[in-house]
Every structure is written in C-alpha cells, then in structure tokens.
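# An overview of the molecular structure
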Amino acid sequence: PVHVEFRGVSKRYGQTVQAVRQLDLEIMRGEFLTLLGPSGSGKTTALMMLAGFEDTTEGEILIDGQRIDNVPANRRGIGMVFQNYALFPHMTVAENLAFPLEVRKLGREQVTRRVRNVLDMVQLPEFGNRRPAQLSGGQQQRVAVARALIFEPNLVLMDEPLGALDKQLREQMQFEIKDIHARLGVTFVYVTHDQTEALTMSDRIAVFSAGRIEQLSTPRELYERPAASFVASFIGESNRMSGTVLTGGENGGVAVHLDDSDVVLNAMSYGATLSAGARVTLSIRPERMSMLQDGATALNVIAATVVQSVYVGDHIRLVAVTASGLKFIVKLAASSSQLELNAGEAVRLGCGREDCLALDR
Ligand code: ADP
Ligand code: MG
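What you are looking at is a predicted structure, and each value in this text was computed from that prediction instead of being measured.

### Here's the deal with the UniProt feature "domain: ABC transporter" (unreviewed entry) in the protein
The positions UniProt marks with the feature "domain: ABC transporter" (unreviewed entry) are residues 4–235. The distance separating the terminal C-alpha atoms of residues 4–235 is 25 Å; by composition the span is 36% helix and 27% strand.

Here it is in structure tokens:
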C-alpha cells in the first residue's frame, strides 16, 4: 500500500528559483526510497516539504491517504536525521535521547525502555553514559539515528546523514542503516548525491535533475536500463555517443549510425519506438564491451586502436579510439588473457545488441 504521496508538488523560493517542479511520487509502506541527484536538484527541498519544515507552493502531500501539507511538523509523526547532527554537549547520550520524551511527559519506565531499545538498534548499548565529546564521528551519527527513532515513527527521513564521515565508515554505515531499516520495517526516505550509496541501500531510487524526477526505478533497472542520458551519465560510467537511427525494428531493436564516423551499431530502445532519422544518444557500459580475440565475433564489432591500458586490480581499463575518432572505455576482466596491450595496437571491440542502449532524451 502507498504510504506517502506527492501530488503535483512544486516549490518556488521567491520569484525566480523553482526548486521542485510538479513532483508526483508514491512511496510504498516499508520501502527504502532514495532521492538521488546532483547538488541543487531539489532533493532537500522535497524532503523538507514532507517533514513540514518548508511550505509547498503548489500541490498536495499525503500520508496514508490524508493530506498533511498543512499539519505542523511536530504532528506528522516523522523521524529525521541530518548531516549535521547537534547533540546537547552537557548531557549524556541517554539524556540526549530521553529529553524529547520527557518534554512530552512520558513515564520514566517507558523512557528508559525506549532509550535502551534505540541504543541497541544502533549497536551502542554500552554508550548511554558517555558525553557526545567522548564519541567518534560514526558513533555520534549513530546517536543521531537513534534520536530519530525514539518516537517509534513509521516514517524516517534522512538527508545526507553520512556526508561528514570518511569513506570506509560511510560504507559501513550504509549497510548498518539498511539493516536497521530491515529490522524496523518502517518507511525510509533517504537523500544522497552519491550514486553508489543509493545503489547499495535502496529498494527504489528517484533520480532528480533540476527539480524533476528523471527516472524512478530499482537500482538494477536504473543501472541496466537508464531511461535518459542524464541518468546513464549520473549512475556509473558509460560510453555515450550521439547518432541517428538508420532503421527501427521489431521489439525495440534499432540500428544507429554514430555521428562523424562510419560506425553503425545494433542497439536496443526500451522507451519509445524510434523510427528512422530519430536522434539518439547511444550508451554502452564499459563492462558490457569485450575485446575480441582472433577469429571471435560479435553482433557489433568496432575496429579501434589502443590508447591506454591500465591494470586496476579487479579489471583492466582499456581506452581505445576508432579511425574516425570515437573513444571507447572498456573494462576487461583482469583474469582474461589479454594482459599485455600496448598503445598503438589494433584491437576489435565487441558487444551485443542488449549492451547498447539507444536513448531519445
Ligand atoms: P539539493 O538538496 O538537491 O542539493 P536543494 O533542495 O537544497 O537541492 O535546492 C534546490 C534549489 O533551491 C537550489 O537552486 C537552491 O539554491 C535553492 N534553494 C534551496 N533552499 C533555498 C532557500 N531557502 N532560499 C532560496 N533558494 C533555495
Ligand atoms: Mg541537499
């Protein structure tokens, strides 16, 4: 069932800044949904309108089918975690967590039980008596998560909560937060500009660009079938070249002539049916291309010259260029036999139809 719904929600700051444009989004109960996009694309604004810290300019926001965009923030029953957590420095961790409950006049026993539960949840059971200054950055962030859970909300919002942590800790916390989500079973709406983080944590990802959702899909679908060249460029690495459709075919198969070259590739279009003459961006993931050995063949074969070949541990990163100047990046399995590739060497690159996506926007 739908838990949260944005219906035609827009947000303008002043006369000129349109931060969110006609946002339609349904978030399912218990889902881990991430808003992913570059800085300034409207993610925080969308989250703040849901939390009740920003007004909407247009549209409606519903929780469980009830309009809440005019309900004050503290009555929406939402837990929140921000990047810059602020704990009261003179209070212990347990006192910090208990404080909002005591303000609401919950009984002592209930307060103690809830504080213990949330500290267990974030794996800090022994830390109740410490002061914030005695915690590492990662531990403080866990306390911030604990604080968001103290009212036992069924909707938790997080805005770049791991942004201040170093890479290793950030990766560890991604799995911990995902695990907390799985154990609680409540709805999480998470904001990040980090595509790896989004792919790692989410059930579904809404890719934001300029205040709009470009695509809303599962991580796998977003990576394997980006619907727009913006998504293909923002999520993972891709070879992208513009071209013109020569022939449209059955079931989304198309032949694309790449601009300023003699290269024609067989590709797939999963979106609109494309007819001859349509302008497209062709997107090919580096790991979906291979280097063809003598005698081997593929549906698409591209003759090229090696520019650079670098061993990077789990793969070899090959850069090759065609006679007409098209550049391809190819990731080859490091275990494959083509370890010795020198600049200037002639190679044949191969890929199938499904490896080449023709995108019309
Ligand atoms: P994101 O979180 O994706 O980085 P934001 O929602 O913070 O994006 O910002 C979206 C747009 O709205 C940006 O152009 C930003 O400069 C603008 N913006 C955000 N907050 C305000 C504000 N309080 N006043 C004016 N403009 C704002
Ligand atoms: Mg933001």
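Here the narrative resumes, following the displayed structure.
### Digging into the nonpolar core
The biggest cluster of nonpolar side chains holds 91 residues, and the ones touching the most others in it are Val 145, Ala 146, Val 207, Leu 282, Leu 349 and Ala 358. With 6 residues, the top contributor of residues to this core is helix 4 (residues 137–149). Each of two domains, domain 1 (2–230) and domain 2 (237–359), supplies a minimum of three residues to this core. Ignoring any residue separated from it by four or fewer positions in sequence, one finds Val 145 in contact with Val 81, Val 122, Ile 177 and Ile 180.

### Some remarks on the domain arrangement of the protein
Partitioning the protein into structural domains gives domain 1 (2–230) and domain 2 (237–359). A straight line from the C-alpha centre of domain 1 to that of domain 2 covers 39 Å. Contact with domain 1, which involves 5 residues of that partner, is made by 7 residues of domain 2. Of the residues belonging to the side of domain 1 that touches domain 2, the class tally is 3 nonpolar, 1 polar and 1 charged.

### Observations concerning the site of ligand 1
The environment of ligand 1 is made up of Tyr 13, Val 17, Ala 19, Gly 37, Ser 39, Gly 40, Ser 41, Gly 42, Lys 43, Thr 44 and Thr 45. Of all the secondary structure elements, the ones that give two or more residues to the shell around ligand 1 are strand 2 (17–28) and helix 1 (43–51). A per-class count over the shell around ligand 1 returns 3 nonpolar, 7 polar and 1 charged.

### Remarks on helix 1
The element helix 1 is largely enclosed, with a buried count of 8 among its 9 residues. All buried positions along helix 1 are accounted for by Lys 43, Thr 44, Thr 45, Ala 46, Leu 47, Met 48, Met 49 and Leu 50.

### Let's talk about unusual backbone geometry
Unusually for a residue other than glycine, Gln 123 sits at a positive phi of about 60°. By the secondary structure assignment, Gln 123 is in the loop between helix 3 (108–121) and helix 4. In this structure Gln 123 comes out as partly exposed when scored by C-beta crowding, with 14 C-beta atoms within 10 Å. Although it is not a glycine, Glu 160 adopts a positive phi angle of roughly 45°. Glu 160 sits in the partly exposed class, given 19 other C-beta atoms within 10 Å.

Definitions and limits used
Residues numbered from 1 in each chain as written. Chains lettered and ligands numbered in written order. Predicted model: local features only at pLDDT ≥ 70, side-chain atom pairs only at ≥ 80, totals over all residues. UniProt positions renumbered as here; feature names shortened; annotations may be inferred. Helix = DSSP H or I, 4+ residues; strand = E, 2+ residues; numbered from the N terminus. Core = buried A, V, L, I, M, F, W, Y, C linked by C-beta atoms within 7 Å. Buried ≥ 20, exposed ≤ 12 C-beta atoms within 10 Å, placed from the backbone. Domains from an automatic or database assignment. Contact = placed C-beta atoms within 7 Å. Nonpolar A, V, L, I, M, F, W, Y, C, P; charged D, E, K, R; others polar. Near = placed C-beta within 6 Å.

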